[in-house]
Amino acid sequence: NAGVTQTPKFQVLKTGQSMTLQCAQDMNHNSMYWYRQDPGMGLRLIYYSASEGTTDKGEVPNGYNVSRLNKREFSLRLESAAPSQTSVYFCASSLPGALGLGTEAFFGQGTRLTVV
Amino acid sequence: GENVEQHPSTLSVQEGDSAVIKCTYSDSASNYFPWYKQELGKRPQLIIDIRSNVGEKKDQRIAVTLNKTAKHFSLHITETQPEDSAVYFCAARGSQGNLIFGKGTKLSVKP
């Protein structure tokens, strides 16, 4: 199993350009997430999808859109990139735990995005 | 909003010493508390987790304790080794099922 796969690994954009980050998992997980990681800020949730067909905003959703294409795939789109969106982006997935308890989230390898 | 605070932000210890990282959370309904280790340039990976129905869990040199009344949990690493050097993140499961992370602790283990 590949686990959680993100593409691309690196990307440089000019301000105002758009792009989509792709994420796919092969673990049959229901929940998927997009986080951004900035120095000293930890991992901040952008959007998440508790199950196929549903998406919800996280802590820092402005400037992003998401699509839960099917159970496997969850994409993140930047419509008009800004330098403030320079970051490392991580996709993750998890199963909802029994009795409502959580289970481990598995992360993709990350996408390092620079907006100039 | 839901929040997880983590301390300290940096921690330097001598090889063989113990390291302790502490986190507090705001949502009393949180019931799952994982700890992740992230080496430079790599993805976060789970090292240990604890659920709200237990107070302590150990896995070799790593242990986690949970105090639900005080809403805090801690990571304890004993007999630290240079390969323990990394950034450690605590997290708490939010009301919507998502994980809320602390800002991380950079642990340096000096040989």
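You'll find the structure just up there.
Numbering of residues starts from 1 in every chain and runs along the sequence as written. A letter from A marks each chain and a number from 1 marks each ligand, given out in the order of writing. Predicted model: local features are reported for residues with pLDDT of at least 70 only, side-chain atom pairs are reported and counted for 80 or more only, and whole-chain, interface and lining totals are derived from all residues. Hydrogen atoms and water are omitted, and side-chain values are computed over all heavy atoms in the structure.

A. Main features of the interface of chain B and chain A. Residue contacts are counted whenever heavy atoms from the two residues lie within 4.5 Å of one another. Chain B puts 19 residues into the contact, and the matching count from chain A is 20 residues. By convention, the term buried area covers the 1.4 Å-probe accessible surface removed from two parts as they join, with the contributions of both added. Carbon and sulfur atoms make up 56% of the surface buried where chain B meets chain A, a total of about 1,800 Å² over both sides. Each reported salt bridge corresponds to a side-chain nitrogen of Lys or Arg within 4 Å of a carboxyl oxygen of Asp or Glu. Our enumeration of links across chain B and chain A arrives at zero salt bridges. Identification of polar contacts relies on pairs of N or O atoms within 3.5 Å, with a donor-acceptor requirement for protein atoms, meaning one able to donate a hydrogen and the other able to accept it, and with residues adjacent in sequence counted only if both atoms are side-chain atoms. Our enumeration of links across chain B and chain A arrives at five residue pairs in polar contact (both at pLDDT 80 or more). Runs of H or I in DSSP of at least four residues are treated as helices and runs of E of at least two as strands, each being numbered from the N terminus. The set of elements that each furnish at least two residues to the side of chain B that touches chain A consists of strand E4 (32-38), strand E5 (45-51), strand E9 (86-93) and strand E10 (99-101) of chain B.

B. A look at the packing of aromatic side chains. Pairing of aromatic rings covers Phe, Tyr and Trp, the last through its six-membered ring, and needs centres within 6.5 Å; plane angles under 30 degrees mean stacked, over 60 mean edge-to-face, and all others mean tilted. Here the structure, examined in full by the defined rule, presents 14 aromatic pairs over all chains. Here Tyr-35 of chain A and Phe-101 of chain B contribute two aromatic rings whose centre-to-centre distance is 5.2 Å and whose plane-to-plane angle is 90 degrees, an arrangement assigned as edge-to-face. Separated into two different chains, Tyr-35 of chain A in strand E4 (residues 31-38) and Phe-101 of chain B in strand E10 make up a pair that spans both. Using a relative accessible area of 7% as the deciding quantity, one classes Phe-101 of chain B as buried. Considering the side-chain rings of Trp-35 of chain B and Phe-73 of chain B, the 5.6 Å spacing of their centres and the 70 degrees angle between planes classify their relative orientation as edge-to-face. In this scheme, a residue with accessible area under 20% of its type's maximum is buried, one over 50% is exposed, and one in between is partly exposed, where area comes from a 1.4 Å probe on protein chains only.

C. Geometry of the sheet that holds strand E3 (residues 19-25) of chain A. Residue and element names in this part refer to chain A. For two strands to pair, DSSP has to find at least two bridges joining them. Overall, antiparallel pairing links the four strands, which are arranged E1-E3-E8-E7 in an open sheet. Every other strand in the sheet has two partners, leaving strand E1 (4-7) and strand E7 (64-68) as the edge strands with one partner each. With strand direction ignored, the average angle separating the axes of adjacent strands in the sheet is 15 degrees. Summarising the sheet, E1 and E3 pair through four bridges and their orientation is antiparallel. Among the inter-strand pairings, Thr-5 is bridged to a residue of E3, identified as Ala-24. What counts as an axis is a line fitted to C-alpha atoms, over the stretch in contact for a helix, and the angles between N-to-C directions run from 0 to 180 degrees.

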